[in-house]
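A look at the structure
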Amino acid sequence: MEPELNPDADDLPLRANTNHILVRHYVLDLTVHFERKVISGSVVLFLEPRCGVKIETEGGAQPGDGANSLKIIGSQDEDSIEDGTIGLRKPMLSMKKSFGAGEGKGDEFQAVSELGSQPATEAKNILSSNLLESTTDNDFTLVLDCCDLDVSKVEEVDITSVSALPSVVRSEKSEVSSVNPQASFIQELLSLPSSQWKHKHQLFLLCSCAAGAKDGGSLHFCQDRWSLQVRKRGSASPQEFPRVIRIFYETRPTGGSVRWTKDQDDRVCIYTAGSPINNRALFPCQEPPVAMSTWQATVRAPSECVVLMSGEEQAAPTEDRDTRFSVWNYYVTMPMPASTFTLAVGHWSETRTPAQTPHSLTHPFVSCSHGDYPCRFTEQSAKSQRVIPHCVFGPVSLLRKAQMGILKLLPKCLAAAHTVLGVHPFPRLDVLIVPAGFSSLGMASPHIIFLSQSVFCAGSPDSDKSGLSLCGSRMCHEIAHSWFGLVIGARDWTEEWISEGFATYLEDVIWAQAQQLSLLEMAEQSDLKALLRWRRLSDELQNSEEELQILRPNMENTGQVSESGSSTVKHGLNPDKTFMQVHYLKGYFLLKFLASQVGEQQFIEFFRLFVKKYHGQLILSQVRLCYRQFLTSEQLVLLLELLLDEPELRAATLCALQRTYTLQNRDAEVRHRWCELVVKHGHTQAYGDVQHFLLHDQAMGVYLYGELMVHEDAEQQALARRCLSLVQEEMDQSTRRVVEEMVL
């Protein structure tokens, strides 16, 4: 097995082999046990092999030769090409180590096949002695991110009993159906259009309730610290691996994804912690952001409890007569990373604004650039919905403050966010006042915000509006994450600034709008906050490790993953990074600078265009959006002059600059600076622009000849002489004399 990582120093591993196979939908069935501080149940995974993937042994390699004996063949995935990922790569499967005879630290085999639900310690001894007889290194392995979970069984789900199977699978449509009707059925199910999302979820639920497959339905699996690895004997490729599997498991009381604690009324509660390891200690999943999926969940909890979760409709609980537990059901139709799944269970009371009517999902009337799902950005009714339905939950002792603070401000903040950014990405919002031990002021997830009690003023809840400033601004920050962080996510988790920097900048804009400040008041408030943040950033830069201050710690490798799709989050397990705000503040100041160059109103328009283009997608910081609609010539000149101060610019950057701003079509002032950049950095692809400028803008090109000669580059000097020879007869005599002194 791989060596244990040092949680005080190392990076967080993302082990899931997402380049081979993807989880497209999760169905969770969970029960909350407060007395034992565990959540037990199962998760059903609906899987889809990546397009064109096939695993073969290389050069006649024999089983047991290890990871280097495997390779991947096939075409790149279209989505990978479009968003710049590396497509299909050689898998990093160390099966000889992971599935060999159990010895050494970390070989934590659990249960398999006939072992059923035997105790893990007993199953470990049996499994480690017979597993190699059942599987070989030629068998494909599904790798899931998993930590602090006790998995008791993994089984293939037999969906042949689902009544809809014959009507959905059409043998004339696919050769696969006659060979593997279950695989064909799941592919048809995954391909159902968004207009049939209700029917699709019903089919997911029916499939998840089907029995385990007979005759070898139990699958072989093992766990190490960070992953769960699953095999089926004889399944040599992702295409041959089961399309639906069920995992039975329990969380652990000390697991890193779930916090068991008491609220401010001394009542027991739990919530997902939003920790660096995200949800892998809540359920086995694919943690890399690219593994976007939908989910539906059934959660059983004591009847006096409230269950809150990421979900598109407010759940109405029913009673389980056998256990006297309440049963809560939630679902989402927008594919999102598993890290955004959120759960909270406690003895909370609620307060809401009356007469709120949620908008129902309708079929989109226009298409977006993301995958097919019921998107609110295409709904006419959502465009006019300035305030989405919302509800505030918390302990009884804080309900008065919640009413006077959160509930009073929330409609204003939601309306302001709509004014600034447009359509709300999610149809409803719950706000939960979390227990005092919560580690930050707030955390945003789809449909739910966790808010710390620290946002309340220490005095009376009826105090003046100045006591609501922290509460309001923090809510605006978390609301902004609905757009930047959730509906538009970072494809590489090291680029936290993409969500946090944007949310910090927009926090001020939305909060000022919510307060209906005048332009002068808005400017004064913005300047004051900028000063406070600058002092905080300066202090942090002086008192933290330099490597933790970098917004893109992976540099040119940002967004790249291994051949299997696995990767690491740089500094993801470094506890110091958790308390740093560099990615908030540096990102904020970068955006504030850009706003100062183009004008704040035009910059807000940029945000709207950005959201319109990239919602429902994952991005890297290299993403480009055309600014030419609102950048003036003077602003472009300033931008290019600032870039001229840079000692080095890559050719790819210069190409992007030219393409984004169509610099060759701008006025002479802009084109002159562009030609200076081309000459300074020897950007040969744009030498034609330099020649055109020297031939057609003779009044401004004199000193450009000097730039071409001073670098002592043979190609540039030849360009200068060629241009001079073409225009010297028509040149003004004094100009010609100056240029000839430079060139000849």
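The following refers to the structure shown. All values derive from a computational prediction rather than experimental measurement.

Here we take up the overall build of the protein chain. In terms of regular secondary structure, the protein chain is built from 23 helices and 25 strands. Out of the 744 residues belonging to the protein chain, those deemed buried represent 55%. Sequence-distant contacts, at least 24 apart, represent 73% of the contacts inside the protein chain between residues at least 6 apart. When the accessible surface of the protein chain is split by element, carbon and sulfur atoms take 50% of a total near 32800 Å².

With that settled, the discussion passes to the environment of Met336. Tracing the sequence through the fold places Met336 in strand S16 (residues 325-337). In the structure, Met336 is positioned 45 residues away from Ala291 in sequence and 7.8 Å away in space, judged by C-alpha atoms. Ignoring sequence-local partners within four residues, the contact set of Met336 consists of Ala291, Met292, Ser293, Trp295, Phe426, Pro446 and Leu486.

This part takes up a nonpolar patch on the surface. Taken together, the side chains of Phe593, Leu638 and Leu642 present a nonpolar region at the surface, about 240 Å² in accessible area. Within the secondary structure layout, Phe593 lies in helix H15 (residues 582-598). Its relative accessible area of 39% is what places Phe593 among the partly exposed residues.

This part takes up the sheet that holds S16. An order of S7-S10-S3-S2-S13-S16-S15 is seen for the seven strands of this open sheet, with the pairing classed as mixed. Here the strands that pair on one side only, and so sit at the sheet edges, are strand S7 (149-156) and strand S15 (318-320). Adjacent strand axes in the sheet meet at a mean angle of 25 degrees, parallel and antiparallel pairs treated alike. As paired strands, S7 and strand S10 (residues 244-251) are joined by seven bridges and run antiparallel to one another.

Buried residues dominate strand S9 (residues 227-231), accounting for five of its five residues. Where burial is concerned, the two faces of S9 agree: the one with Ser227, Gln229 and Arg231 and the one with Leu228 and Val230 are both buried. For strand S6 (residues 141-145) and S9, the ladder comprises five bridges, and the chain directions are antiparallel. From the neighbouring strand, Thr141 faces S9, where its bridge partner is Arg231. In terms of strand pairing, strand S8 (residues 220-223) meets S9 through four bridges, oriented antiparallel. The residue of S9 that forms the bridge with Cys222 is Gln229. The antiparallel hairpin formed by S8 and S9 contains three residues in its connecting segment.

Cut-offs and rules
Residues numbered from 1 in each chain as written. Predicted model: local features only at pLDDT ≥ 70, side-chain atom pairs only at ≥ 80, totals over all residues. Heavy atoms only, no water. Helix = DSSP H or I, 4+ residues; strand = E, 2+ residues; numbered from the N terminus. Buried < 20%, exposed > 50% of the residue type's maximum accessible area, 1.4 Å probe, protein only. Contact = heavy atoms within 4.5 Å. Areas by Shrake-Rupley, 256 points an atom, 1.4 Å probe, with all protein chains shown as cover. Patch = residues over 30% accessible without salt bridge, like charges linked within 9 Å, V, L, I, M, F, W, Y side chains within 5 Å. Salt bridge = Lys/Arg side-chain N within 4 Å of Asp/Glu carboxyl O. Pairing = 2+ DSSP bridges. Axes fitted to C-alpha atoms, helices over the stretch in contact; angles between N-to-C directions.

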